[in-house]
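A closer look at the structure
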Amino acid sequence: MTFVQLIDCKTSRFDEMDRLMDTWVEKTKGKRTATHAVVGKDRSDASHFIEIVEFPSYEEAMRNSNMPETDRIFRDMVALCDEMPSFTDLDVVRDDQLSEDTVRRFFATLGTAGDLPPLNDLLDEDVHSHDPINPQDTLGLDAMRSEFRMWRAAFDFSFTVEDVLAHENRVCARWTWNATHSGDFLGIAPTSKQVTMTGTTWFRMNGDGKIAELWWQHDQLGLMQQLGALEALER
């Protein structure tokens, strides 16, 4: 279970403390067990800071605390504080990865039967898509919907999301696309063939949690080969 430690302190010497943290990171490189750290400043009190440090488990946090470097840095940090800092140990009981959920819903929605939903709850109005299959980037929600309708008119398909990694406002998804070629696609008449394509998509999320930008990488050559479009060239 993920474990989080909150360090609450007041200091008028934050710049010195910030440099102290940099020193600690350098001295413990390769030994630290923390996986993520965030420092926030209180908007109503410029001397009030809270650091949130995430660990894989309580045991890993304790191992981190017991390092000699941690003890030395703690004593130096206390000297920079206006009062004794407080520590709160938290077992994480719920961790909602909202951007990951948005990306999973996006792929599920693309394969929805019937009319394509509006997508305005998933995509920014000014969404920007980079896809190597297109000579130009696709700009705006309306253009994106037209692009998706083209694919949906040519194939009956669904996505299987294999992996999702999320960090801050970026999400990366590895997926498998399974489809039946049921309509015209780039001048290729319907073949009723079952086709598969694998790919990866990077997403940039906006401040509202919607998808603002996408970068697609997929096996389009393999798709064209499955559709028989390369047979004439192979003879």
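It should be noted that the structure appears before, not after, this text.
What you see is a predicted model, and the numbers here were worked out from it, not measured in a lab.

1. Remarks on the overall build of the protein
Secondary structure summary: the protein contains 7 helices and 10 strands in total. What you see for the protein is a C-alpha radius of gyration of 25 Å, clearly larger than the 18 Å of a compact globule of 235 residues, by over 25%. Along the three orthogonal principal directions, the C-alpha set of the protein runs to about 75 × 40 × 30 Å. Here the protein holds 235 residues, and the buried ones make up 37% of them. Counted over contacts in the protein with a minimum sequence separation of 6, partners at least 24 positions apart contribute 61%. Just so you have it, the protein exposes about 13900 Å², and 50% of that area is on carbon and sulfur atoms.

2. Things to note about the environment of phenylalanine 74
Here phenylalanine 74 shows up in helix H3 (residues 68-80). Overall, phenylalanine 74 belongs to the partly exposed group, its relative accessible area being 27%. Ignoring any residue separated from it by four or fewer positions in sequence, one finds phenylalanine 74 in contact with Met84 and Phe87.

3. Describing the sheet that holds strand S2 (residues 36-41)
An order of S2-S3-S1-S4 is seen for the 4 strands of this open sheet, with the pairing classed as antiparallel. Either end of the sheet is taken by a strand with one partner, and the two such strands are S2 and strand S4 (86-91). Between one strand axis and the next, the sheet turns through 15° on average, direction left out of account. The pairing of S2 with strand S3 (residues 48-55) spans 6 bridges and is classified as antiparallel. Considered in S3, the bridge of valine 38 is made with isoleucine 52.

4. Here's the deal with the packing of helix H1 (residues 14-27) against H3
At a minimum axis distance of 10 Å, the contact between H1 and H3 shows a crossing angle of 180°. One element, H1, and the other, H3, form an angle in the roughly antiparallel class. Of H3, the residues touching H1 (which contributes Glu16, Met17, Leu20, Met21, Trp24 and Lys27) are Glu69, Thr70, Ile73, Asp76, Met77 and Leu80. The residue inventory of the contact of H1 with H3, partitioned by class, reads 7 nonpolar, 1 polar and 4 charged.

5. A closer look at the pattern of salt bridges
This model, assessed by the stated rule, comprises 11 salt bridges. Across the salt bridge formed by aspartate 163 and arginine 174, the nearest N and O atoms sit 2.5 Å from each other. Residue aspartate 163 is found in strand S7 (residues 155-167), and its partner arginine 174 is found in strand S8 (residues 170-181); the two are separated by 11 residues along the sequence. With relative accessibility at 38%, the residue aspartate 163 sits in the partly exposed group. One salt-bridge network, in which partners are shared between bridges, spans Asp101, Arg105 and Asp121.

6. Brief notes about the state of the cysteines
Summed over all chains, the structure comprises 0 disulfides. Looking at cysteine 9, it has no disulfide partner, and the nearest cysteine sulfur is the one in cysteine 81, 4.2 Å off.

7. Focus on the sheet that holds S8
Pairing in this open sheet of 6 strands is mixed, and the strands run S6-S5-S10-S9-S8-S7 from one edge to the other. Across the chains shown, the open sheet's two edge strands, defined by having one partner strand only, are strand S6 (138-139) and S7. Bridge count between S8 and strand S9 (residues 194-205): 11 bridges; the pairing is antiparallel. Looking at S9, one finds that tryptophan 177 is bridged to methionine 197. Sitting on the sheet, helix H4 (residues 98-110) is in contact with strand S5 (123-130), S7, S8, S9 and strand S10 (211-218), with an inclination near 170° to S7. The sheet contacts of helix H5 (residues 141-154) involve S5, S6, S7, S8, S9 and S10, and relative to S5 the element is tilted by about 60°.

Conventions used here
Throughout this document, residue positions are counted from 1 along each chain, in the order its sequence is written. Side-chain atom pairs in this predicted model are given and counted only at pLDDT of 80 or more, local residue features only at pLDDT of at least 70, and totals for whole chains, interfaces and linings cover all residues. With hydrogens and water stripped out, all remaining heavy atoms of the structure feed into the side-chain values. Per the convention used, a helix needs a DSSP run of H or I reaching at least four residues, while a strand needs a run of E reaching at least two, with both numbered from the N terminus. Radius of gyration: over C-alpha atoms. The globule rule applied is 2.2 Å multiplied by the number of residues raised to the 0.38 power. Accessibility here uses a 1.4 Å probe with only protein chains present; expressed as a share of the type maximum, an area under 20% marks a residue as buried, one over 50% as exposed, and anything in between as partly exposed. Any two residues whose heavy atoms approach within 4.5 Å at even a single point are treated as in contact. Computed with the Shrake-Rupley method and a 1.4 Å probe, the accessible areas treat only the protein chains shown as cover for residues. Two strands are counted as paired when DSSP detects at least two bridges linking them. Where helices are involved, their axes are fitted lines through C-alpha atoms of the stretch in contact, as for all axes, and angles between N-to-C directions lie from 0 to 180°. If an angle is under 35 degrees, it is roughly parallel; if it is over 145, roughly antiparallel; if it lies from 65 to 115, roughly perpendicular; otherwise it is oblique. In the scheme used here, Gly and all other residues not listed as nonpolar or charged are polar, with Ala, Val, Leu, Ile, Met, Phe, Trp, Tyr, Cys and Pro taken as nonpolar and Asp, Glu, Lys and Arg as charged. Every case where a carboxyl oxygen of Asp or Glu lies within 4 Å of a side-chain nitrogen of Lys or Arg is listed as a salt bridge. The disulfide criterion is simple: two cysteine sulfur atoms within 2.5 Å.

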